[in-house]
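# Structure assessment
Single-letter residue listing:
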Protein chains: 2
Amino acid sequence: MPELTDIVEGERDQLTDRIVAMILDAVEGRDTVALEEILAPLHPADIADLLEQIDDRDRKDLIRLWPHGIDGDVLSELDEALRDDVIAALPAEALAVAVRDLESDDVVDLVEDMDSDQQEAVLDALEAPDRVAVETALSYPEESAGRLMQVEVVRAPVHWTVGETIDYLRSHDDLPEQFYHVVLVDPRMKPEGYVTLGRLLGSPRATKMADLTEDSFRTFRVDQDEGDVAYAFNQYHLISAPVVDEDDRLVGVITIDDAMAVLDEEHEEDILRLAGVGEGSLADRVIGTTKRRFPWLAVNLVTSILASLVIALFEDVIAGLVALAVLMPIVASMGGNAGTQSLTVAVRAIATKDLTGANVWRVIRREVLVGLVNGLIFAVVMGLIGWAWFSEPMLGVVIAIAMVINLVVAGLAGTVIPVALEKLGIDPALASGAFVTTVTDVVGFFAFLGLAAVMLL
Amino acid sequence: MPELTDIVEGERDQLTDRIVAMILDAVEGRDTVALEEILAPLHPADIADLLEQIDDRDRKDLIRLWPHGIDGDVLSELDEALRDDVIAALPAEALAVAVRDLESDDVVDLVEDMDSDQQEAVLDALEAPDRVAVETALSYPEESAGRLMQVEVVRAPVHWTVGETIDYLRSHDDLPEQFYHVVLVDPRMKPEGYVTLGRLLGSPRATKMADLTEDSFRTFRVDQDEGDVAYAFNQYHLISAPVVDEDDRLVGVITIDDAMAVLDEEHEEDILRLAGVGEGSLADRVIGTTKRRFPWLAVNLVTSILASLVIALFEDVIAGLVALAVLMPIVASMGGNAGTQSLTVAVRAIATKDLTGANVWRVIRREVLVGLVNGLIFAVVMGLIGWAWFSEPMLGVVIAIAMVINLVVAGLAGTVIPVALEKLGIDPALASGAFVTTVTDVVGFFAFLGLAAVMLL
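Bear in mind the structure is a predicted one, so any value in this text is a computation, not a measurement. For every chain, the first residue of its written sequence is number 1, and the numbers climb from 1 along that sequence. Numbering of ligands from 1 and lettering of chains from A proceed in the order in which they are written. Reporting of local features is limited, given that this is a predicted model, to residues whose pLDDT is at least 70; pairs of side-chain atoms are given and counted only at 80 or more, and all residues count toward the totals for whole chains, interfaces and linings. Derived side-chain values reflect all non-hydrogen atoms in the structure, with water molecules and hydrogen atoms excluded from consideration.

Residue and element names in this part refer to chain B. Taking strand neighbours across the sheet as the criterion, the 3 strands line up as β1-β2-β3 in an open arrangement whose pairing is mixed. Every other strand in the sheet has two partners, leaving β1 (155–157) and β3 (191–196) as the edge strands with one partner each. Each strand axis lies, on average, 30 degrees off the axis of its neighbour in the sheet, ignoring direction. Strand pairing is assigned whenever DSSP detects at least two bridges linking the two strands. Secondary structure elements follow DSSP: runs of H or I of four or more residues count as helices, runs of E of two or more count as strands, with numbering from the N terminus. Of the pairings in the sheet, the one linking strand β2 (residues 181–185) to β3 comprises 5 bridges and is antiparallel in character. From the neighbouring strand, V185 faces β3, where its bridge partner is P191. Every angle, taken between N-to-C directions, lies between 0 and 180 degrees, and every axis is a line fitted to C-alpha atoms, over only the stretch in contact when it is a helix.

Encoded structure:
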């Protein structure tokens, strides 16, 4: 077993399997000294990951042995599935200390999914102005810019000079922990532009702040969707951006690290939805996970029964030539795969706003042509295999034609279905898969067995 | 048709379908005045998107009509599939002007995939020190921190005070466009910490810089993988981080916007690989797209032929009861779906370092149990349907048992296969899908038809 003193330089600040083993060992041995020594250098995000990875019993023991280590930063990094458990296990005073050091956006993130009792307990721990800030943020819609922003903004009147701004900043000792711009506002508090701290530092004192503003300046409305905010940060390389209310007045600022976290979540959501998993995390229990996956499997059951109904139409044909039953899943499977390829590209392109009215027909045409070319190649390959396998040339012809039809349909359905769902206001990542696979299964079985009925019997 | 004067306030800086239509109209009419008026307010990233969305002919015409608008920022935002075309269409002097204003990391990003002639042309346009910086960056491995960093770093000796640092910054007029920290270095140029500009501005002149350093300080090695860098930025909420060479000397700095772009690319790659699409973009042509998708479809052909071989083992059984051919795709399809759910969760958890040695057995157990519970539910549902459909209770029993077996196997294979591939150094996003579907197809058909052979005939 590795000893504390074995920890090599540079390993101290990373959550390796070795470090996890040593922590679990210290928890087992109730060794609070060793725990402190191993855990203290870890980043809050890593401590949160640790709590997610160990099992229920070890987690409870760890929190009991090291309660003051679970600070606000650890709580706000923690997976939502576990947060309630951890907060419930924390002594009340430890919780109060934990939240008091957080910026307002982190407190909002922490409490927004709590039930009202627990939310009350956390809010009670805050000082009055912080509490008001958090409650205001909670009044904005979920997943909006208002929830994402922090209310701590560094601003200056638009008519100020560099010297005035620097003097003002130097006389203030409660500046936010992280800020990158000074936002310029008019007398009505409308943001007019922003100046980077680097530019501020590099300019003569007499320079007008208004002459130093950045081109990248953009504002968001409090009620704007956080996904749009994240997209804009990524598209326009923003570092921070002011948030305004319906009267165009400055109410907060969003910084790139929060936008990056949203972008990360949205990607995660897209990947999981495309796979029919829905939300959720590795920390969820069996019952929760089963419930979340069930609806997608139920939809799949319906679509595969639909495909079976198509097969049932041709029972006599299959009874006459069992080889058809052997080969038919190949056509459906190739169509399903090609369809998934097209739909994934389309869903991503819609999410990144690369697929628009300007190029949708060109993309559809391309996908159909790609389906045609790949369909022709695999038609020849599979036609020859079918012929050779069952010594029946016409069987090869039938599977070849069915392959071309299904791959062309896959390209078409894989693009048109997500685009249509998007137009109807349905998340294409969520629903495209089931529709596209239904189409390729039904068309695959129908084309193959139907052609067989006509050409072989 | 919308007129120029119709453009509403607030629409000027966004690439709406209307704006695209107006631009195409101006291109058609060779109206350079209108083009300038519509294009000038657009962000370079939007101009790049525009070039990606319009067709070849319009793109060539647009570049010819508005060459000076295609500046370095537009080029570096442009999809790689198109960059070569656009650069080839640009007059030589326009290209030279375009690249001269870029930071070194953007020039690297621009030229790294060019062939050597074109690369030479761009490098020749740079001034000598910039050229050296770019060539040094190009000497680092692809997708490394060295390629991602910019060499323009703001640094200060570790023994300086706030006053000395501010005076130094104010006396320099070639500070980088964007910087967020002053990096403190020892006499050997080893970075010792960094100070945010906000903290610098808010502290008395006599304060030692060394007393203001941030806890979040981390350095990266030039040869470190850019994916690890992006992970660390996201995990530890970094804004910028120094890059050091093998002797621990400061050689550059990576900023969060570049890390965010890498994170975005890696996500994109994962989604596309999971769907068997590989790299590539919406701007690719039919032949390129067909070629990229072909290998994945070829792998799918092989796996579906494997499944067909399993079916072929039971030809006599199917000939005896054609209902089996009707029902068998349902078992395989449900297994394939459940397997995809498990593998997607596993692949994502591996990518985000949430699935580790500490919890791998717990996750495998959970996935198997989820498969068991959902398997039992769908066994009852499908058993009753199978019985009712073909009025044969034993057929219902057979499909029910096969369903449970295949969903348990799906949960197991969906987790074990990606974990094993990761251990073997193979990208699990790339290869898991084919393996898992093969397993669920083969097990699904074998369990269902095998049980039917034993229990029904």
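Here we come to the sheet that holds strand β4 (residues 220–221) of chain B. All names here are of chain B. Read across the open sheet, the 3 strands follow the order β4-β5-β6; overall the sheet is mixed. Here the strands that pair on one side only, and so sit at the sheet edges, are β4 and β6 (250–255). Where strand β5 (residues 240–244) and β6 come together, 5 bridges link them in antiparallel fashion. Its bridge partner being in β6, P242 is matched across the sheet by V253.

Below, the discussion takes up the pairing of β2(B). Regular strands place their side chains on alternate faces of the sheet. Residue and element names in this part refer to chain B. Buried residues are those whose accessible area, probed at 1.4 Å on protein chains only, stays under 20% of the maximum for their type, while exposed residues exceed 50% and partly exposed ones sit between those limits. A large share of β2 lies buried, amounting to 5 of its 5 residues. With burial as the criterion, each face of β2 is covered, one bearing H181, V183 and V185 and the other bearing V182 and L184. Handedness of a crossover: with both strands directed away from the viewer, a clockwise path from the first strand across the helix to the second marks it as right-handed. Following the backbone out of β1, through helix α12 (residues 162–171) and into the adjacent parallel β2, one traces a crossover that is right-handed. Counted between consecutive antiparallel strands, the loop separating β2 from β3 contains 5 residues, among which M189 sits at a positive phi close to 75 degrees.

Moving on: the relation of the copies chain A and chain B. Fitting of the copies onto one another was done by least squares over C-alpha atoms, counting residues only where both copies have pLDDT of at least 70. The two copies are related by a screw operation: chain A maps onto chain B through 180 degrees of rotation and 0.0 Å of translation along the axis, at an RMSD of 0.1 Å. This pairing of chains is accounted for by a two-fold axis. Most of the interface of chain A is mirrored in chain B, where 100% of its interface residues again form contacts. Contacts between residues were defined by any pair of non-hydrogen atoms, one from each residue, lying within 4.5 Å.

Time to look at a nonpolar patch on the surface. Residue and element names in this part refer to chain A. A surface patch of nonpolar side chains, amounting to about 260 Å² of accessible area, comprises M394, V397, I401 and I405. If you trace the backbone, I405 turns up in helix α20 (residues 393–423). Owing to a relative accessible area of 35%, I405 belongs among the partly exposed residues under this scheme. A residue counts toward a patch only above 30% relative accessible area and without a salt bridge, and it is joined to like-charged neighbours within 9 Å or, for Val, Leu, Ile, Met, Phe, Trp and Tyr, to nonpolar neighbours within 5 Å. Surface exposure here means Shrake-Rupley accessible area, sampled with a 1.4 Å probe, where a residue is shielded only by the protein chains that are shown. Definition used for salt bridges: Asp or Glu carboxyl oxygen within 4 Å of a side-chain nitrogen of Lys or Arg.

Residues and elements named next belong to chain B. Among the secondary structure elements, V443 is positioned in helix α21 (residues 428–455). By relative accessible area, V443 is classed as partly exposed at 23%. Taking the C-alpha atoms as reference points, V443 and N406, 37 residues apart in sequence, are found 6.3 Å from one another.

UniProt positions are given in the numbering used here, feature names are shortened, and annotations may be inferred rather than shown by experiment. When the UniProt feature table is mapped to this numbering, "domain: CBS" (unreviewed entry) covers residues 212–269 of chain A. Helix makes up 43% of residues 212–269 of chain A and strand 22%, whereas the separation of the span's terminal C-alpha atoms amounts to 39 Å.

On to the confidence of the model for chain A, then. On average, residues of chain A carry a pLDDT of 89, and 97% of them reach 70 or more. Per-residue confidence from the predictor is reported as pLDDT, a score between 0 and 100. Confidence drops under a pLDDT of 50 for residues 5–9 of chain A, and excluding neighbours within four residues, the segment shows 5 contacts in the predicted structure.

Residue and element names in this part refer to chain A. For R30, which is not a glycine, the phi torsion comes out positive at approximately 50 degrees. On the secondary structure map, R30 appears in the loop between α1 (17–28) and α2 (32–39). With a phi angle near 55 degrees, E143 is a residue other than glycine that sits in the positive phi range. Following the sequence through the fold, E143 ends up in the loop between α10 (128–138) and α11 (145–148).

Next up on the list: the pattern of salt bridges. Enumeration according to the criterion identifies 43 salt bridges over all chains in this entry. A salt bridge links D245(A) to R249(A); the shortest N-O distance between them is 3.9 Å. With relative accessibility at 36%, the residue R249(A) sits in the partly exposed group. Between E268(A) and R348(B) there is a salt bridge; the shortest N-O distance is 3.0 Å. Remark: R348(B) occurs in helix α18 (residues 323–351) and E268(A) occurs in helix α15 (residues 256–274); the pair is interchain, linking two chains. For E268(A), a relative accessible area of 23% translates into the label partly exposed. On the basis of relative accessibility, which here comes to 3%, the residue R348(B) falls in the buried class. Taken together, the salt bridges that share partners define one network made up of D56(A), R59(A), D85(A) and R285(A).

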